Amino acid sequence: MALSGVEIFKLLPKTNCKKCGHPTCLAFAMKLAQRQATLDLCPDVSEEAKKKLGEASAPPIRPITLGAGDKAVKMGEETVLFRHDKKFVNPCAFAIEVKDTQSEADIESVCAQVMHSEIDRVGQKLRIDAIVITNESGDAGKLETAAKTVAAKAAGVAVIINTTNAQAAEAAVKLFAGSHPVVYGANASNLDAMASVAKAHKAILGIAASGLEELSELTEKAKGLGVEDIVMDSGARKAKEIIEHNTLIRRAAIKKGFKPLGYPVINFIQRGDSMHEALVASVCVAKYSSIVVLSSIEKWKSVALFALRQNIYTDPQVPMQVEQKIYKIGEPKADSPFFITTNFSLTYFIVSGEIENSKVPCRLAVMDSEGLSVLTAWAAGKFTATKIAQFINDSGIDQEVSAKELIIPGYVAILSGAIEEKLPGWKITVGPREANAIPAFLKARG
Amino acid sequence: MAFTPPKESYAGKVYTVTMGTGERAATIGGESVLPFHSFEGGTPNRPLVALEIQDVPPADWPENVRKVYDGVSDDPVKWAKHCQDDLKARAIALRLVGTHPDRENRSVEDAVKTAKDVLAAVSIPVIILGSNHAEKDTAVLVAVAEAAKDKNCIIGKAQEANYKTIAAAAMANNHKLIAMSELDINLSKQLNILITQMGFDKEKLITDPMCSALGYGLEYTYSVMERIRLAALTQNDQTMQQPMLGDVGMYVWKVKETQAAEADMPQWGAAEERGILWEAETATALLVAGAELLIMRHPKAVAAVDSVIEELV
Ligand code: SF4
């Protein structure tokens, strides 16, 4: 469990020599407790202190990297139960299952879907992160053949080999040397063999338990066998159980410092109904899953899951306001349309998104309205004709534009006359009320 | 190290709210634990989804959800009966959007007639919503609350600008009331306090911390809901123990992911499924955050949400 600053201080040399860059050992101890410094900065710390602090300062959920290269996925490292407390750190991976009973063509087509799954959303590249290869046939040769297809057709994508047969696992995992796959399927009866496969091939061991008690016993045993990187399946399959198990695991790891459950969680949630599966996946995204295994990845489904993952893993400390300034969308020319709106971040995202959507280069003036939406800001007297006029005058934008036309939100149509009075030489145009009408509005202007 | 499940118990509890009358009355809330945490305490009622209908045809709804109601949406009574009888809705939400001065600007009398007709036509609980025009809503909702006296409706939404008259009308006519504020736990708490200071029963309120759509600020609604629920349970804060509403449909069916054709956005896949999932997934996330009451538009999205609720309880 994490140590307090004072507890850490007791383990330091207490010479206040400042070699760590801090005025005193106590100041350094406080930084360590807040995880804002690392112990290696102190050259004089004793071996014993290092060991104690090392164990205590290990993150409550072990950081593990799935896969390798530019498509590698970081997991673990979470420190809180609720996203408003602190940013959730590592977004969960979405994995698609193929079975070794499927035809080669079918497996190839799933690989192609994964390779083409990447989309760009609000500046982030999002994709299906991993492929699970399930040894449905029970036959080692078939698993190896399926794994070969995946290795060839989905090169670079992280892989999870799903079998309870250690020999089959070994044959398949060899194909992914150096790329940190998961060997999933370790249980009470095959743990030794599976653990040695994982160790020999530097793979992550996937433990399949039934219930949290058995799960913690198995991770402890695996650790005893020298396995460091583990992902855990508690056996939960129903959404209700997933919430229960994932919550208890996260609490045990973070609040109790219970090391045996301090690893990332994998949830298998394949369902016959794809829409239903997407909703169960949504529960997993919100509730602490690190790998979510799906049975299909239609584009309409992936885009919705990507959006939710992005929402949940957004930094809650980032204020809901955007900076007051005139934003360029595309490459506007002197006569491109010029909009104004308030600086509530949602308003900004929606308006700028719709302008982008229209593919018409524009300028968008975002005025500081203390983070209120257009209607609220207007009602609160923060988005008034006087303030708008002053903002436009101060911005110096009239040097940059030739048209001197300002498009205001439809909700404040009432202001157009007053703004025109206060901004001589400007034409005020009333734009749409809702942002989603902007593309049509711009199209109609030609 | 032996594992002991770190279960938690809470000091507070969410109020139980019943809406409607007779056999079809519905009850939400009552849980003493975080959403779907039945492993550590009581969750007596499951969340409820109400289908949204309007007093005017849904010309502003995107094609993929508008077409579902072709043939019934020209008449709120037909629309309401269709939801109850064919779609098996457990509740409906009648949004009097046509009363908005910038829309059809329907009169208070027209709104009253629509509400009365709809109430006479169905036996499931009815949520009656204004057009979100603070001033007009005052007149419309006061009259509608009176016309619906003793039907135990949910009237909404009372906001900081207009709560006094609307809350008084809901109180005088035995309705439940939605109190809405904009994405801020303190504003939400403050509005609840103001309304209860008028003598309005705190156990007849529903909190709407304001919805937002998946991909467009859903995380704000999600976290405000989580924080409200944690305050209710862990701090036993009686001003925050009301069930929560997610007014999902109207936010979701505005965003481009629920409208863009596959031809224009091939990387987003099939438009119809995408729209339905966008609504259902927004709803599911809010259920996990603590919403007990949802207002939604697409019947297939409602069916999907009902099936995930079935798996969660
Ligand atoms: S370097 Fe070590 S001994 Fe010196 S002040 Fe820092 S913590 Fe203390």
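Residues numbered from 1 in each chain as written. Chains lettered and ligands numbered in written order. Predicted model: local features only at pLDDT ≥ 70, side-chain atom pairs only at ≥ 80, totals over all residues. Heavy atoms only, no water.

## Thoughts on the overall build of chain B
And then number 1: Secondary structure summary: chain B contains ten helices and ten strands in total.
And then number 2: For 313 residues, the compact-globule estimate of 2.2 N^0.38 gives 20 Å, and the C-alpha radius of gyration of chain B, at 19 Å, lies within 12% of that figure.
And then number 3: Considered along the principal axes of its C-alpha atoms, chain B spans approximately 65 × 55 × 35 Å.
And then number 4: Within chain B, contacts between residues separated by at least 24 positions form 68% of all contacts whose residues are at least 6 apart in sequence.
And then number 5: Carbon and sulfur atoms make up 49% of the accessible area of chain B, which amounts to about 10700 Å² in all.
And then number 6: Distance from the positive charge centre (31 side chains) to the negative charge centre (43 side chains) of chain B: 4 Å. (Helix = DSSP H or I, 4+ residues; strand = E, 2+ residues; numbered from the N terminus. Rg over C-alpha atoms; globule rule 2.2 N^0.38 Å. Contact = heavy atoms within 4.5 Å. Areas by Shrake-Rupley, 256 points an atom, 1.4 Å probe, with all protein chains shown as cover. Lys, Arg positive; Asp, Glu negative; His and termini not counted. Charge placed at Lys NZ, Arg CZ, Asp CG, Glu CD.)

## Observations concerning the pairing of strand 6 (residues 154-158) of chain B
Each regular strand shows side chains that alternate between the opposite faces of the sheet.
Residue and element names in this part refer to chain B.
And then number 1: Taking burial as the measure, the five residues of strand 6 include five buried ones, the bulk of the element.
And then number 2: Here strand 5 (residues 126-129) pairs with strand 6 via three bridges, running parallel. Paired with Ile128 across the bridge in strand 6 is Ile155.
And then number 3: Viewed along the sheet, the connection from strand 5 through helix 4 (residues 134-147) into strand 6 turns out right-handed.
And then number 4: In this sheet, strand 7 (residues 176-180) lies alongside strand 6 in parallel orientation, the contact comprising three bridges. Residue pairing across strands places Ile154 opposite Lys176, the latter belonging to strand 7.
And then number 5: Running through helix 5 (residues 163-172), the crossover from strand 6 to the neighbouring parallel element strand 7 is right-handed. (Buried < 20%, exposed > 50% of the residue type's maximum accessible area, 1.4 Å probe, protein only. Pairing = 2+ DSSP bridges. Right-handed = clockwise from strand over helix to strand, strands pointing away.)

## Overview of the interface of chain B and chain A
Size of an interface: often given as the accessible area lost when the parts come together.
And then number 1: Every contact between the two is made by 59 residues of chain B and, on the other side, 60 residues of chain A.
And then number 2: Applying the counting criterion to the chain B and chain A interface returns seven salt bridges.
And then number 3: Between Arg251(A) and Glu40(B) there is a salt bridge, with the nearest N and O atoms lying 2.8 Å from each other.
And then number 4: At the level of secondary structure, the elements contributing two or more residues to the side of chain B that touches chain A comprise helix 7 (218-234), helix 9 (271-289) and helix 10 (299-312) of chain B.
And then number 5: With ten residues, helix 9 of chain B is the single largest residue contributor to the side of chain B that touches chain A.
And then number 6: Here the residues of the side of chain B that touches chain A sort into 32 nonpolar, eleven polar and 16 charged. (Salt bridge = Lys/Arg side-chain N within 4 Å of Asp/Glu carboxyl O. Nonpolar A, V, L, I, M, F, W, Y, C, P; charged D, E, K, R; others polar.)

## Brief notes about a nonpolar patch on the surface
And then number 1: On the surface, a nonpolar cluster with roughly 230 Å² of combined accessible area is contributed by Val6(A), Leu26(A) and Met30(A).
And then number 2: The topology assignment puts Leu26(A) in helix 2 (residues 25-33). (Patch = residues over 30% accessible without salt bridge, like charges linked within 9 Å, V, L, I, M, F, W, Y side chains within 5 Å.)

## Re the side chain of His22(A)
All names here are of chain A.
And then number 1: Within the secondary structure layout, His22 lies in the loop between helix 1 (5-11) and helix 2.
And then number 2: The class for His22 is buried, based on a relative accessible area of 18%.
And then number 3: At 3.3 Å, the side chain of His22 forms a polar contact with the backbone oxygen of Cys20.
And then number 4: Leave out the neighbours within four places in its chain, and His22 touches Ala27, Phe28, Lys31 and Ala37. (Polar contact = N/O pair within 3.5 Å; in protein donor to acceptor, adjacent residues only side chain to side chain.)

Honestly, that's just the spatial picture; any functional story needs more than this.
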